[in-house]
Amino acid sequence: RGGDDLPFVYFADGVQFQLLQVDVEGGLWVVRIIFEHGVSIQRHKHTGEVYAVTFSGAWKYLEYPDSINTAFSYLYEPAGSIHTLTTDVPGVQGPTDVWFAIRGANLNLDSQGNVESVLDAGKILSLYRDECEKAGLPVPNTIGV
């Protein structure tokens, strides 16, 4: 798909995403996410591996403050990783644009480490379609659907 072939839609305050590919049965979801500066995502645990490429801006995990991902950095996360993503990186202005390939689920954790919600390939597909519909957009032509 071309960069403009799939819409960006609401994910959370200050966060928009594009669902590029999804394999519900295989548990794979590939997203491009644009984060506004200063956004943090709920602490979560990955049940599978994650691959990430940053196109612009910068982000880090609160748990690893010295490891900052900047434009054209590549990140691999093994299954079982637990972290809190933030774009609150000093000296960086503007949005952060990142591509993620995720296997398995994100287990979103509360402050005690209990699972509050689960985000997986099926859930992200449903969310993407719902947000496209809310925005008055046609059903997206996501790869794998």
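Please refer to the structure higher up on the page.
Residues numbered from 1 in each chain as written. Predicted model: local features only at pLDDT ≥ 70, side-chain atom pairs only at ≥ 80, totals over all residues. Heavy atoms only, no water.

K.L.:
Please give an account of the sheet that holds strand β2 (residues 15-23) that cites residues and values.
P.N.:
The six strands are arranged β1-β2-β3-β11-β5-β8 in an open sheet whose pairing can be described as antiparallel. Where the open sheet ends on each side, the last strands, each with one partner, are β1 (9-12) and β8 (74-77). The average angle at which neighbouring strand axes cross in this sheet is 30 degrees, direction not considered. The sheet contact formed by β2 and strand β3 (residues 28-35) spans eight bridges and is antiparallel. Opposite Phe17, over in β3, you have Ile33 as the bridge partner. (Pairing = 2+ DSSP bridges. Helix = DSSP H or I, 4+ residues; strand = E, 2+ residues; numbered from the N terminus. Axes fitted to C-alpha atoms, helices over the stretch in contact; angles between N-to-C directions.)

K.L.:
Describe the environment of Lys134, listing the residues and the values that go with them.
P.N.:
Mapped onto the secondary structure, Lys134 falls in helix α1 (residues 121-134). By relative accessible area, Lys134 is classed as exposed at 66%. Sequence separation between Lys134 and Tyr10 is 124 residues, and the spatial gap between their C-alpha atoms is 9.7 Å. (Buried < 20%, exposed > 50% of the residue type's maximum accessible area, 1.4 Å probe, protein only.)

K.L.:
Mind laying out the pattern of salt bridges, listing which residues take part and the relevant values?
P.N.:
Scanning the entire structure with this criterion turns up three salt bridges. Note that Asp97 and Arg32 form a salt bridge whose closest N and O atoms lie 2.5 Å from each other. Of this pair, Asp97 sits in strand β11 (residues 96-103) while Arg32 is found in strand β3, placing the two residues 65 residues apart along the sequence. Between Arg103 and Glu49 there is a salt bridge, with its nearest N and O atoms 3.7 Å apart. Residue Arg103 is located in strand β11, and its partner Glu49 is located in the loop between β4 (44-46) and β5 (50-56); the two are separated by 54 residues in the primary sequence. We classify Glu49 as partly exposed; its relative accessible area is 23%. (Salt bridge = Lys/Arg side-chain N within 4 Å of Asp/Glu carboxyl O.)

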